[in-house]
Structure formats: C-alpha cells, structure tokens
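Coordinate analysis (summary)
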2 protein chains.
Amino acid sequence: MNNEQEPNQGHAECLLQDTSLKTSKKSYHHGDLRTVLLDNAISILRTDGIQGLSMRKLATSADVSRTAPYHHFKDKKELLCAIAEEGFRLFSTRVDAKTIEPAPATLLIFTKQYLEFALKNKEVYELMFGSELWQQHSTTESLKTRAHASFRQYATAIKDWHEDKLINQAVDPLRFAQVSWSTLHGMSRLLIDGVYVDGEAIDAMCEETAQLFWSQLNPAVSF
Amino acid sequence: MNNEQEPNQGHAECLLQDTSLKTSKKSYHHGDLRTVLLDNAISILRTDGIQGLSMRKLATSADVSRTAPYHHFKDKKELLCAIAEEGFRLFSTRVDAKTIEPAPATLLIFTKQYLEFALKNKEVYELMFGSELWQQHSTTESLKTRAHASFRQYATAIKDWHEDKLINQAVDPLRFAQVSWSTLHGMSRLLIDGVYVDGEAIDAMCEETAQLFWSQLNPAVSF
DNA sequence: AATGTAAACTAGACGCTGTCAAGTTTGGCC
DNA sequence: GGCCAAACTTGACAGCGTCTAGTTTACATT
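All values derive from a computational prediction rather than experimental measurement.

Let us look at the relation of the copies chain A and chain B. Overlaying chain A with chain B gives an RMSD of 0.1 Å, the required rotation being 180° about an axis along which the chain moves by 0.0 Å. The relationship between the two copies is best expressed as a two-fold rotation axis. Here 100% of the interface residues in chain A have copies in chain B that are interface residues too; the copies meet face to matching face.

What follows deals with the confidence of the model for chain A. Residues at a pLDDT of 70 or more form 86% of chain A, whose mean pLDDT is 87. The low-confidence segment residues 1–25 of chain A, where pLDDT is below 50, has 20 contacts with residues more than four positions distant or belonging to other chains.

Bringing empty space enclosed by the protein into the picture now. The full count for this structure, using the stated rule, is four cavities of 30 Å³ or more. Of the volumes computed, that of the largest cavity is approximately 70 Å³. Looking at the largest cavity, the residues that line it are A:Phe91, A:Ser92, A:Val95, A:Asp96, A:Ala97, A:Phe110, A:Ser150, A:Gln153, A:Tyr154 and A:Trp181. At three residues, helix H8 (residues 141–163) of chain A tops the list of elements feeding residues into the lining of the largest cavity. Class assignment of the residues belonging to the lining of the largest cavity gives a composition of six nonpolar, three polar and one charged. Approximately 60 Å³ is the volume attributed to the second largest cavity. In terms of lining residues, the second largest cavity is bounded by B:Phe91, B:Ser92, B:Val95, B:Asp96, B:Ala97, B:Phe110, B:Ser150, B:Gln153, B:Tyr154 and B:Trp181.

Residue and element names in this part refer to chain A. Using the criterion set out here, one finds 27 aromatic pairs over all chains in the structure. Judged by centre distance (5.4 Å) and plane angle (70°), the ring pair of Phe88 and Phe129 falls under edge-to-face. Here Phe129 lies in helix H6 (residues 122–129) and Phe88 lies in helix H4 (residues 76–94), a separation of 41 residues in the sequence. Here Phe88 and Phe129 have matching classes, each one buried. An angle of 65° between the planes, with centres 5.3 Å apart, marks the rings of Tyr154 and Trp181 as edge-to-face. Taken together, the positions of Tyr154 in helix H8 and Trp181 in helix H9 (residues 173–193) put the pair 27 residues apart, joining distant regions of the chain.

Our next topic: unusual backbone geometry. Phi angles above zero are rare outside glycine, and A:Asp63 is one such case at about 60°. Mapped onto the elements of the fold, A:Asp63 is located in the loop between helix H3 (55–61) and H4. Notably, B:Lys165 is not glycine yet its phi reads approximately 55°, a positive angle. Relative to the elements of secondary structure, B:Lys165 occurs in the loop between helix H8 (141–163) and helix H9 (173–193). Exposure remark for B:Lys165: the relative accessible area of 60% places this residue in the exposed category.

Bringing the UniProt feature "DNA-binding region" (unreviewed entry) in chain A into the picture now. Under the feature "DNA-binding region" (unreviewed entry), the UniProt entry names residues 54–73 of chain A. The distance separating the terminal C-alpha atoms of residues 54–73 of chain A is 13 Å; by composition the span is 35% helix and 0% strand.

This part takes up the interface of chain A and chain B. Each side of the interface is counted separately: chain A has 39 residues, and chain B has 39 residues. In this assembly, chain A packs against chain B so that about 3,700 Å² is buried in total across both faces, 57% of it on carbon and sulfur atoms. Ranking the residues of chain A by area buried against chain B places A:Val179, A:Glu208 and A:Leu212 at the top, with a combined share of 15%. At the junction of chain A with chain B, the criterion picks out zero salt bridges. Linking chain A with chain B are eight residue pairs in polar contact (both at pLDDT 80 or more), by the criterion used here. In terms of residue count, the dominant contributor to the side of chain A that touches chain B is H9(A) (15 residues). Partitioning the side of chain A that touches chain B into residue classes produces 18 nonpolar, 15 polar and six charged.

Reading the values: rules and limits
Residues numbered from 1 in each chain as written. Chains lettered and ligands numbered in written order. Predicted model: local features only at pLDDT ≥ 70, side-chain atom pairs only at ≥ 80, totals over all residues. Heavy atoms only, no water. Least-squares fit on C-alpha atoms with pLDDT ≥ 70 in both. Contact = heavy atoms within 4.5 Å. pLDDT = per-residue confidence, 0-100. 1 Å grid on protein atoms, 1.4 Å probe; cavity = no way out; pocket = protein on both sides within 12 Å on 5 of 7 lines; lining within 4 Å. Points joined across faces, edges and corners; volume = space filled by probe spheres on them. Helix = DSSP H or I, 4+ residues; strand = E, 2+ residues; numbered from the N terminus. Nonpolar A, V, L, I, M, F, W, Y, C, P; charged D, E, K, R; others polar. Phe/Tyr/Trp six-rings, centres within 6.5 Å; stacked < 30°, edge-to-face > 60°. Buried < 20%, exposed > 50% of the residue type's maximum accessible area, 1.4 Å probe, protein only. UniProt positions renumbered as here; feature names shortened; annotations may be inferred. Buried area = accessible area lost by both parts, 1.4 Å probe. Salt bridge = Lys/Arg side-chain N within 4 Å of Asp/Glu carboxyl O. Polar contact = N/O pair within 3.5 Å; in protein donor to acceptor, adjacent residues only side chain to side chain.

Right, dumping it as structure tokens:
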C-alpha cells in the first residue's frame, strides 16, 4: 500500500537529545509524535515567529494529518503552554540568582544573564511571560506551577541575602524581588519588541540596572 | 471602566436597524465612518480583548459591509496603530514627569499614575508597547513618532533634573530614564498579564519602586 | 442644470486558520 | 485470535484578512 519513506521528522532538534532512534519507514502510528511536534513547534516559532506557527503547518512539518496534533495537545493553547514550560526549564539552567551574591559585579552578571536569555529566546520568552497565555487564565496548571517556581527561586535567594544580613535590612526582600524582576522583564520586553531600538545601549543599560539595584541593596547606605 | 470613555455612536446606529426608525435613513455614504470605526474598535477591544476584535465584526458594529473599513485603514495593522496612537494621546494627559519633582513623595505619585493608566487601559496599553505592532517594523510612521515623543518627554524631564542639580550627578540621565521606564513597564505588564496575581500588593510595589528610584537619584548619597 | 471624476461603499471569492465529528488503522493485552 | 483503546485519517464548518470588480454618491467643473 502506501509505504513511503519520509525523511522529514524534525531532525534538527533530534540531535539535542541523542536519540539513537533510526527513523524507519512511516507507519500509521508514529510512536514519538508528541516530542517531534514540540521540537518542530519550537523550531518554527524561532524562525517564523508566533504568527507563523499554525497547527496545520506544524502537522505538515511532522508529516502527519491536520488533526493528528490534537491527540497530543487539547488545543493550540496547550501546545503553546508546553513550549513555554520548556522555556522555563531552559531558563532555570541559564539564570539563577542562587549562583550569585549581592555585590555590584555579580548583580551586573545576573542582569546580563537574564537579558541574554530573553534576547536569545525572544519568541519563547514572549510565550513564557506574555499575555497570549497568561491573560484570561488559559495557562496550564503545570505551566503556572513552573512559572511560579521560577519566581519563588529568585525571591528566596533575595530573602536569604536579607536573613544573612548581606543586604540593607530596611529593604523588604519580597517587594524588592517583585520590582527588580519587573525591571529585568520590562527592559527585556522593550528591547525584544524594538521599542528601544539602540542595541548598542544594552551594556550601558545593564550597568545602570546593576547600579540601581545595588544603590537599594547596599547595606552601607541608609536612607 | 473609566472616565475617558467616548460617546459610542456606532452602537447607537446598530440599534436603529431592528427598531426600524424612520429618521436618519441609512445612506450609501456614511460620512463619518473613520471616527466611528476607531471608536467602536476601541470599545470592542476593551470589552472583548484583542482576540475579539476582527475587521469583519468591526464593520458589522458600524453597520457597513465587511470591506468598508479598508477604505479608511490600509489593513488591520494600520487600524491597531491608530488605536495605539490614540492611547499615547491619552497617556500624555495622564502621565507626565514634567509635572513632578525628584522627591520620594512625587516619585510615588508618578509611579502610581503610570500604573493606573496601564491597568485602566490594559488592552490599549498592550497595543502601545506590545510586540503585536512593534515587532517586524509594522508600526505606522506617525505612531513611531508619537511613541518616541512620549519617551523623549520623560527623558528630558530627568535630564532637566540633572542639569538643575536636583539629582545625584553621578547618574546618567538617559540611562536612568531607560531603566526606570523599564521598571514601570515591566511591572505594568506583569500585573496586566496576571503573572503577579496579587492585586493587593500593588501599593506596596509602587512604594518599593519609588524607593528604588530615589535611592539612585538622592543627591545626598554617594556610591 | 448637465456632466465627469474620484471617493465611498458593496458583493463575491480565495486561501488561510482552529477544531469538531465520524471513520480507519494498529499495538498491546486477555 | 479477538478486542479495545489509542493513534491517526478525511471531511466539514465557521471564522478570519484582504483582493478584485462592480455600484452608488458627493462634488467640482462646465
């Protein structure tokens, strides 16, 4: 019958995880479709943007029928949530306040790490924090959990600094966490969206940001 | 909703069609369609969100044919740009750094003004600063001009403080403008999108923000 | 007052989208 | 070997943005 060999199954992403699977001929049951869909979706997202990612194109990219993806993701939102979750997984390996100490130099490093992640993964970043998913409660429960875990990790790092008296004791750790995260997030968004066009200013902005944070955290200063 | 809402003649006209009134017989040429479209678009945007705003529904709301809006807006992007521009017009009347001075109390007021605008007009705010329009250079020239004017107004206010020696002279006014705007923007986005769910924390976050700004601007402190 | 033109508006069509319903194939368990 | 549920298929529907070609009208020129 129809035993065609189809070589297009998201190989580019397959080398990320050294799967020793050799794609044999196409069978009715794919066997690994969810993974392939997720990988292809991220790859399409990165090259064509969120506008260019449709369920139908995604299905085609995995060489399955239009509606096959719906057996692995309830709807498009769930697919996007899965992508965002993948983003948070990567985020936690790239940006972690627990690896630094409250000092001007390390605050600068942290700021740069955050911005580097956001700018290198801008389409995914937008999904992670954008209104697309968060507004009107369309986030998966597991995405919500993971996202809050990311923030909590940051907040507790700062709380630890506070408890260890490494930062100004007049600062409320939670409030500072919320507001400083806002700064990092806002800068990322403005740069990603091209509202701040001048890419050369990024370094200077990072330095200003680190200074701003330190001027608040510095235990040697009293207000 | 809020105080700046405009009269909505488009909807009023919608009511006419099933009440079959004799007056204001619908004529082929509308006469004021662009204004009505823009008003209705904003109103739909506010109630149904960006997802609920389609060119076809907008046309129907103004009781004209599907394609009539295209005689007043080249495409949907141009319509959205016009909405965003309207947003900036309102923004400049609500949030203006020139009206305040660099002091803890006034910084707090300014922060609250900014957040109030963002939260009261969240759908419009998202259009003003979101990736929808800014990414891939799909902004109207006139929108770009107006948006940059808004930022420049803020930046020059801070530059004036600097020149008048009202703030710490070690601070670069432009960099501070960029980063502090980022803080306000980031906080607005996180609150709008519901990533930070706790609405009660807003006041405390505003205070923390104002403190953060002042700890950097305070001329009495040296780093 | 008649005429010509351009602007405002219309209906029809195209290709795209997300997703539902109903039918087909198949791997794995009894 | 037989059965079931999961994986996958085609077909269909309503909605979308927007192009094209045609119709109606306001208005300036004669």
